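Read off the chains here:
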Amino acid sequence: MTRSLQRLIACLIGVPAGLAVAVAVSMLVTGYVGAVLRAPSDKERIATLTKEAREDLSREGALTAEFERQTEVSVRHIARRDKLTNVLVVAVVLFLVCAKWFVALAGRPLPSPPRIQGPRTSGGGGAPSPEGCACAEAGASTPCHADDTEQVDPGVIDAIIERYGKDQSKAIPILQAVQLHYRYLPQPALEMVCERTEITAGQLAGVSSFYTQFRHAPVGEHIVKVCHGTACHVAGAPAINEGIRRYTGIATDTDTDPQRRFTIEEVACMGCCTLAPVVQIDGVTHGHLTPDAVPDALDPCLNPKPDGAVRRKSRLGAPVV
């Protein structure tokens with residue numbers, strides 16, 4: 001079922017439900033006001049007939065008839081009120097459900113990555129926010145990234161959607177495929193996915209911000225993972241982390257250098273505490289690292305050997321794969 005058809009169904013159900021709510025409320029209010037206005041005159045009429053019946057026994061029939069009339073009117077009013085109340089409850093529920101459904105299908109723009117992710121996705125170059133940037137206007141605490149102007153090929157997005165489908169349950173595999181192609185989730189790509197599938201903007205934002213595997217900022221060519229487990233932390237992981245940032249030019253509030261050469265990630269534990277402190281560069285684990293040895297570990301990534309090898313002799317010793 002397409003999004004347009006779903007919105008049409010929501011309108012066809014929601015509009016009559018809204019009218020039913022208005023009619024039911026107006027009838028309940030009218031009935032209540034009428035009962036309140038009738039009450040003084042009914043009481044006065046009962047009091048008058050009661051006085052007349054005490055003076056003339058022939059007036060007892062009129063008093064009894066008035067009691068029956070008022071009782072019948074009250075019973076009808078209560079039954080009518082109960083029916084209108086039931087109709088009002090059902091109509092309100094239908095209206096709210098359809099209104100929420102319609103709004104969810106309205107295709108609202110995706111929230112900007114800084115507001116979705118916060119510090120966790122603040123990487124991607126640390127470039128200052130451009131003037132007039134939407135993030136800057138919104139007062140976001142993290143800078144905008146290059147993904148705001150990323151050139152996204154619609155053909156790539158269409159091929160991914162054709163492979164996995166348009167259903168809302170395919171949000172994760174679609175996002176994984178987009179990230180596999182671009183190495184992160186460009187904002188234009190997310191907007192295309194939202195436009196071409198049944199996945200709402202809120203669902204895309206929620207899924208892509210909940211799972212740490214997804215990135216909303218560009219990732220560097222080389223991934224540097226610094227272990228911050230207990231053993232590595234005690235052995236000097238914070239100092240190594242600072243050394244890597246200084247050497248690569250990665251700012252404190254970002255995780256990727258401006259040239260997108262390196263992306264630094266802090267991990268809880270790599271499972272090799274005997275080698276603490278441990279750093280993993282492009283899947284190669286280096287143990288017993290020191291801040292002074294950071295250049296020796298990263299230089300091969302910047303100046304690889306002709307055969308593509310990145311290992312070299314240094315104070316690190318042989319990398320542990």
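Everything in this summary refers to the structure shown in the same document. From a predicted model like this one, the values you see are computed outputs, not experimental measurements.

Brief notes about the overall build of the protein chain
When helices and strands are counted, the protein chain shows 11 helices and 4 strands. Within the protein chain, buried positions represent 38% of all 321 residues. In the protein chain, 68% of the contacts between residues at least 6 apart in sequence involve partners at least 24 apart. Summing over all exposed atoms, the protein chain offers an accessible surface of approximately 18,200 Å²; the carbon and sulfur share of this is 59%.

Looking at the pairing of strand S1 (residues 222–227)
The element S1 is extensively covered by neighbouring structure, given that 5 of its 6 residues are classed as buried. Bridge count for S1 against strand S3 (residues 279–281) is 3 bridges, and the pairing is antiparallel. Pairing of Lys225 across the sheet is with Gln280, part of S3.

So, helix H10 (residues 237–248)
A rise of 1.5 Å per residue sets the reference length of H10, with its 12 residues, at 16 Å; its end C-alpha atoms lie 16 Å apart and thus fit the reference within 8%. Of all the positions in H10, only Ala237, Ile240, Asn241, Gly243, Ile244, Arg245 and Thr248 are classed as buried. Those residues of H10 that are buried are in contact with S1, helix H9 (230–235), strand S2 (262–267), S3 and helix H11 (294–302). Downstream of H10 by a residue or two, Gly249 has a phi angle that is positive, lying close to 80°.

Some words on the nonpolar core
One finds Ile157, Leu175 and Val178 to be the most contacted residues of the largest nonpolar core, which totals 22 residues. Of all elements in the fold, only helix H5 (154–164), helix H6 (171–182), helix H7 (187–196) and helix H8 (201–210) reach the threshold of two or more residues within this core. A total of 6 residues in this core trace back to one element, the largest contributor, which is H6. With near-sequence residues (within four places) excluded, Ile157 lies in contact with Val152, Val178, Tyr182, Ala189, Met192, Val193 and Arg196. Membership of the second largest hydrophobic core comes to 15 residues, among which are Ile250, Phe262, Leu289 and Val294.

Conventions adopted
Residues numbered from 1 in each chain as written. Predicted model: local features only at pLDDT ≥ 70, side-chain atom pairs only at ≥ 80, totals over all residues. Heavy atoms only, no water. Helix = DSSP H or I, 4+ residues; strand = E, 2+ residues; numbered from the N terminus. Buried < 20%, exposed > 50% of the residue type's maximum accessible area, 1.4 Å probe, protein only. Contact = heavy atoms within 4.5 Å. Areas by Shrake-Rupley, 256 points an atom, 1.4 Å probe, with all protein chains shown as cover. Pairing = 2+ DSSP bridges. Expected span 1.5 Å × (residues − 1). Core = buried A, V, L, I, M, F, W, Y, C linked by side-chain atoms within 4.5 Å.

Geometric values such as these leave the question of function open.
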